[in-house]
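# Observations on the three-dimensional arrangement
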Protein chains: 2
Amino acid sequence: MARLYHTQQDCPVARSLDIIGDRWTLLVVRDLLRGRHRFNDLLESCEGISPNLLSARLKALGDAAIVERSFYSEHPPRAEYHLTEKGRALGPAIRAIFEWGERYEPRLERGVTTR
Amino acid sequence: MARLYHTQQDCPVARSLDIIGDRWTLLVVRDLLRGRHRFNDLLESCEGISPNLLSARLKALGDAAIVERSFYSEHPPRAEYHLTEKGRALGPAIRAIFEWGERYEPRLERGVTTR
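Residues numbered from 1 in each chain as written. Chains lettered and ligands numbered in written order. Predicted model: local features only at pLDDT ≥ 70, side-chain atom pairs only at ≥ 80, totals over all residues. Heavy atoms only, no water.

## Some points on the packing of aromatic side chains
Each aromatic ring pair is described using two quantities: the centre-to-centre distance and the angle formed by the ring planes. Residues and elements named next belong to chain A. To keep things clear, this is the line we draw: Classification of ring pairs uses Phe, Tyr and Trp, with its six-membered ring standing for Trp, and accepts pairs whose centres are within 6.5 Å; under 30 degrees between planes counts as stacked, over 60 as edge-to-face, and the remaining range as tilted. Each helix is a run of DSSP H or I of at least 4 residues and each strand a run of E of at least 2, with the numbering of both proceeding from the N terminus. In this scheme, a residue with accessible area under 20% of its type's maximum is buried, one over 50% is exposed, and one in between is partly exposed, where area comes from a 1.4 Å probe on protein chains only. To sit over a ring, a charge needs its Lys NZ or Arg CZ within 6 Å of the ring centre and within 35 degrees of the ring normal.
Scanning the model with the defined rule gives 2 aromatic pairs over all chains in all. With a centroid separation of 6.1 Å and 35° between ring planes, the pair formed by Trp-100 and Tyr-104 is classed as tilted. Of the two residues, Trp-100 and Tyr-104 are both situated in helix H6 (residues 91-104); the distance of 4 residues between them amounts to about one turn of the helix. Residue classification places Trp-100 among the buried positions, given a relative accessible area of 2%. For Arg-23, the ring lying beneath its charged end belongs to Trp-24, and the centroid distance is 5.2 Å. A cation over a ring is seen here: Arg-38 above Tyr-72, with NZ or CZ 3.7 Å from the ring centre.

## Describing the pairing of strand E1 (residues 67-73) of chain A
Residues and elements named next belong to chain A. Which entries qualify depends on this criterion: Between any two strands, pairing holds if DSSP finds at least two bridges.
When E1 meets strand E2 (residues 78-83), the two strands line up antiparallel, connected through 6 bridges. In the sheet register, Arg-69 faces E2, and the bridge partner there is Tyr-81. Where E1 hands over to E2, the hairpin turn is made up of 4 residues, counted between the paired strands.

## Some words on the pattern of salt bridges
It is possible for side chains of opposite charge to pair when their charged atoms get near one another. Our working rule: The term salt bridge refers to a side-chain nitrogen of Lys or Arg lying within 4 Å of a carboxyl oxygen of Asp or Glu.
As enumerated under the stated definition, the model contains 18 salt bridges over all chains in all. The salt bridge involving Arg-23 of chain B is made with Asp-18 of chain A; its shortest N-O contact spans 2.5 Å. Placement of the pair is Arg-23 of chain B in helix H2 (residues 23-33) and Asp-18 of chain A in helix H1 (residues 12-20), with the two residues belonging to separate chains. Accessibility expressed as a relative area gives 17% for Arg-23 of chain B, which makes it buried.

## Structural notes on the interface of chain A and chain B
The criterion, for reference: Note on definitions: a residue-residue contact is assigned when non-hydrogen atoms from the two residues lie within 4.5 Å. The term buried area means the drop in 1.4 Å probe accessible area that two parts suffer when joined, counted for both and summed. Each polar contact in these results corresponds to two N or O atoms within 3.5 Å; when the atoms are within protein, one needs to be able to donate a hydrogen and the other to accept it, and residues that are neighboring in sequence are counted only if both atoms are side-chain atoms. Residues were grouped as follows: Ala, Val, Leu, Ile, Met, Phe, Trp, Tyr, Cys and Pro as nonpolar; Asp, Glu, Lys and Arg as charged; and all remaining residues, including Gly, as polar.
Across the contact, 54 residues belong to chain A and 54 residues belong to chain B. A buried area of about 5,100 Å², summed over both sides, lies between chain A and chain B, and 59% of it is on carbon and sulfur atoms. Scanning the region where chain A abuts chain B turns up 8 salt bridges. Among the ionic pairs, Glu-105 of chain A bridges to Lys-86 of chain B, the shortest N-O distance being 2.5 Å. Counting every contact that joins chain A to chain B gives 18 residue pairs in polar contact (both at pLDDT 80 or more). Among the secondary structure elements, those contributing two or more residues to the side of chain A that touches chain B are H1, helix H2 (23-33), helix H5 (85-88) and H6 of chain A. For the side of chain A that touches chain B, the element with the most residues is H6 of chain A, which contributes 11 residues. Classifying every residue of the side of chain A that touches chain B by side-chain character gives 28 nonpolar, 9 polar and 17 charged.

## A short note on the environment of Leu-54 of chain B
All names here are of chain B. Its place among the elements puts Leu-54 in helix H4 (residues 51-63). The class for Leu-54 is buried, based on a relative accessible area of 0%. Distance from Leu-54 to Gly-101, taken between C-alpha atoms, is 23 Å for residues 47 residues apart in sequence. Each residue touching Leu-54, except ones within four places of it in the same chain, is listed here: Val-28, Phe-39, Leu-42, Leu-43 and Ile-49.

## Side note on the relation of the copies chain A and chain B
Heads up, the rule is: A least-squares superposition brings the copies together, and it is based on the C-alpha atoms of residues with pLDDT no lower than 70 in both.
Superposing chain A onto chain B requires a rotation of 180° together with a translation of 0.0 Å along the rotation axis, leaving an RMSD of 0.0 Å. Such a combination of turn and shift is consistent with a two-fold rotation axis.

Everything listed here is a matter of coordinates, which is why it stays silent on function.
Quick look at the structure:
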C-alpha cells in the first residue's frame, strides 16, 4: 500500500467498506459462499440476525450487484439468493478474516477450541 | 470453508468481525499499516472520523491487543500508536479488501480512476 490517499473515496479499502463494512453483511456473504441460498437458511445460520435486518442486507447486497435473487417457486413466491462474480470475489477477503480469527481470536468456551 | 457452524461463536469469521466488523476500525488499522502513528495524523488520514470516535476505536483496538500505545513526549504527554503482531496480521485481510475494491468498486468521480 504505497500510495497516499487524500480522500476516503480515493482508497479502495474505504470504497469496499462503504459496501461491506458492517458485521452482518460479511456474515451473509460467508453463508452464501457456504451454500446457503434460502432466506430461512440464512436466517438460521447467521445467528442473531433479525428477519428485517437480513432483508435489508440482502437488498443492499442486491443493489451492490453482489447478490442475485431468483425464484424457485412461483406459487407461493419463494426466492433464492446467489452470489454474483463480484460477490464470489469476496472469498479471499473472508478467507483472510477467517484465518486471522482462527489464529488470533480463539473461542472463549472452556475446553473447546477450533484448532 | 467446509465446516458447518452451529453458533456464531464457533465461526472464526464471526469472532473476527466482533472485533473488526465496522468500517472505521479497519480504516484505522489501514492507516497504522501505512505508517500513521499519531492521533492527529490518523484523524486527518481517516477522513470523516470524529476525534471521539477515533479515541474509542483506538481504545477498543488496544483492548483487543491489536494496537499498542507509547509516549514520545512526557511534557505534554503525546502518544503514538503502533500495531502489535496481531494487528499487523490483519494486513492480508485489508489487502484482499483493497484488491476487491480496486477491481469491483471503481471511483465514482468522472475522468479519474484508480487503475
